[in-house]
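# Understanding the architecture of this molecule
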Amino acid sequence: MTDLPTFIAGLPKVELHVHHVGSASPRIVAELAARHEGRSPVPADPEALADYFAFRDFAHFVEVYLSVVDLIRDADDVWLLTHEVARELARQQVRYAELTVTPYSHVSRGIPAPAFGEAIEDARKRAEADFGIALRWCFDIPGEAGLPAAEQTLRIALDERPDGLISFGLGGPEIGVPRPQFKPYFDQARAAGLRSVPHAGETTGPETIWDALRELGAERIGHGISAAQDPALLAYLAERRIPLEIAPTSNVRTRAVPSLDAHPLPRLVEAGVPVSINSDDPPMFGTTLNDEYAVAARLLRLGPDGVAALARAAVAAAFLAPAEQARITAEIDAYLASAAR
Ligand SMILES: O=c1[nH]cnc2c1ncn2[C@@H]1O[C@H](CO)[C@@H](O)[C@H]1O
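Let us look at the structure shown here. Every value quoted in this text rests on a predicted model; they were computed, and no experiment measured them. (Residues numbered from 1 in each chain as written. Predicted model: local features only at pLDDT ≥ 70, side-chain atom pairs only at ≥ 80, totals over all residues. Heavy atoms only, no water.)

A count of helical and extended segments in the protein gives 16 helices and nine strands. Here the C-alpha radius of gyration of the protein, 19 Å, is about what a compact globule of 341 residues would show, namely 20 Å. Oriented by its inertia axes, the alpha-carbon framework of the protein measures out at about 50 × 40 × 40 Å. Out of the 341 residues belonging to the protein, those deemed buried represent 59%. Contacts spanning at least 24 positions in sequence make up 73% of the contacts within the protein whose residues lie at least 6 apart. Averaging the positions of the 32 positive and the 47 negative side-chain charges in the protein gives two centres separated by 4 Å. (Helix = DSSP H or I, 4+ residues; strand = E, 2+ residues; numbered from the N terminus. Rg over C-alpha atoms; globule rule 2.2 N^0.38 Å. Buried < 20%, exposed > 50% of the residue type's maximum accessible area, 1.4 Å probe, protein only. Contact = heavy atoms within 4.5 Å. Lys, Arg positive; Asp, Glu negative; His and termini not counted. Charge placed at Lys NZ, Arg CZ, Asp CG, Glu CD.)

Below, the structure is given as structure tokens:
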């Protein structure tokens, strides 16, 4: 048996909670910054960028995140970012990823919605051809922009309806951004066949998760780590098999959790809550999906069998057709068997 990091690197995976702009690597950011003559506070130098991605708190994280969004000024930038994010995911043996994109942030910066939709769709198809990775989209509302952003995100989702669009989300800060106000938008998105995957319980308590479940019809929860504070909620999530999209390093870097050793992941797993392991905004948090699997393996004291089970759990939580789930799961099983020889 090879060492665990090598095993993880070759393990077929899916990723369910990773943000488009948040995945802009230092190389992509440098290229985007160079395209726009440095009219940005975002450093082009990868070293300086690593320091720039150090966050005082969650509000500071959103501020930095939006400064990277400002670098994306036209459809070509959108295409470049999307194709490169797919390349990096495929390099980590990701077969399928549900990528969270925030159309409002780009359209409000002057990229027409049709051009945005065409760019992500063309990059998605090219990525499938170039790297063999299947991408799907979650369109998320940037919570800090409130109901106007909800309205426009829904409009773009329903009017453009790119082939890859499968879900509707809500990101950004939770503090001061209660979930219930977004119910009319989630109702319309779900009525149109989009799956509901809001963030909740990342920087606020269990009541935000209850709201996401009861008001927004959440089928999965982004983060949801504060569920560990509410035994009734843990039981509810476990009984109904409602998965949490866990991104351990994200929670530490945004100061939602004081340290990895304090992360509630072991308690969530112990309570029987389905979890998937994700990277969220990997370059911003100085991590990769593979690193997050290694973190989860350490926190949960897993070997190859346990890590393969985490990968299978993410496949089971994906909005994938059963035949596709079976195909990727069989690949995971075959890989585990071959690694054991
Ligand atoms: O970890 C996260 N939690 C919440 N929002 C996030 C996270 N990572 C990226 N975003 C994104 O930040 C944007 C700000 O406009 C939101 O749209 C959200 O998608």
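Here we come to unusual backbone geometry. The phi dihedral of glutamine 93 falls on the positive side, at around 65 degrees, and the residue is not glycine. Considering the arrangement of structural elements, one finds glutamine 93 in the loop between helix H5 (75-91) and strand S2 (94-101). Of note in this structure, histidine 223 is not a glycine but carries a positive phi near 75 degrees. Topologically, histidine 223 is positioned in strand S7 (residues 221-223).

Let's shift gears to H5. In this model, H5 (17 residues) spans 24 Å end to end at C-alpha, consistent with the 24 Å of a helix rising 1.5 Å per residue. Taken together, the buried positions of H5 are Asp77, Val78, Leu80, Leu81, Thr82, His83, Glu84, Val85, Ala86, Leu89 and Ala90. If you follow the buried residues of H5, they end up packed against strand S1 (13-19), helix H2 (26-35), S2, helix H7 (113-131) and strand S3 (134-142). Backbone nitrogen of aspartate 76 and a side-chain oxygen of the N-cap are separated by 3.1 Å at the start of H5; the cap is aspartate 74. Just downstream of H5 lies glutamine 93, where phi reads positive at about 65 degrees. (Expected span 1.5 Å × (residues − 1). Polar contact = N/O pair within 3.5 Å; in protein donor to acceptor, adjacent residues only side chain to side chain.)

This next bit is on the pairing of S3. In terms of residue burial, S3 counts as a mostly covered element, since eight of its nine residues are buried. Summarising the sheet, S2 and S3 pair through six bridges and their orientation is parallel. For leucine 99, the partnering residue across the bridge sits in S3 and is tryptophan 137. Where S3 lies against strand S4 (residues 165-171), six bridges are found, and the strand directions are parallel. Note that in S4 the partner of isoleucine 141 across the bridge is leucine 170. With helix H8 (residues 146-160) bridging S3 and its parallel neighbour S4, the resulting β-α-β unit is right-handed. (Pairing = 2+ DSSP bridges. Right-handed = clockwise from strand over helix to strand, strands pointing away.)

Interpretation note: all reported values are geometric properties and have no functional meaning in isolation.
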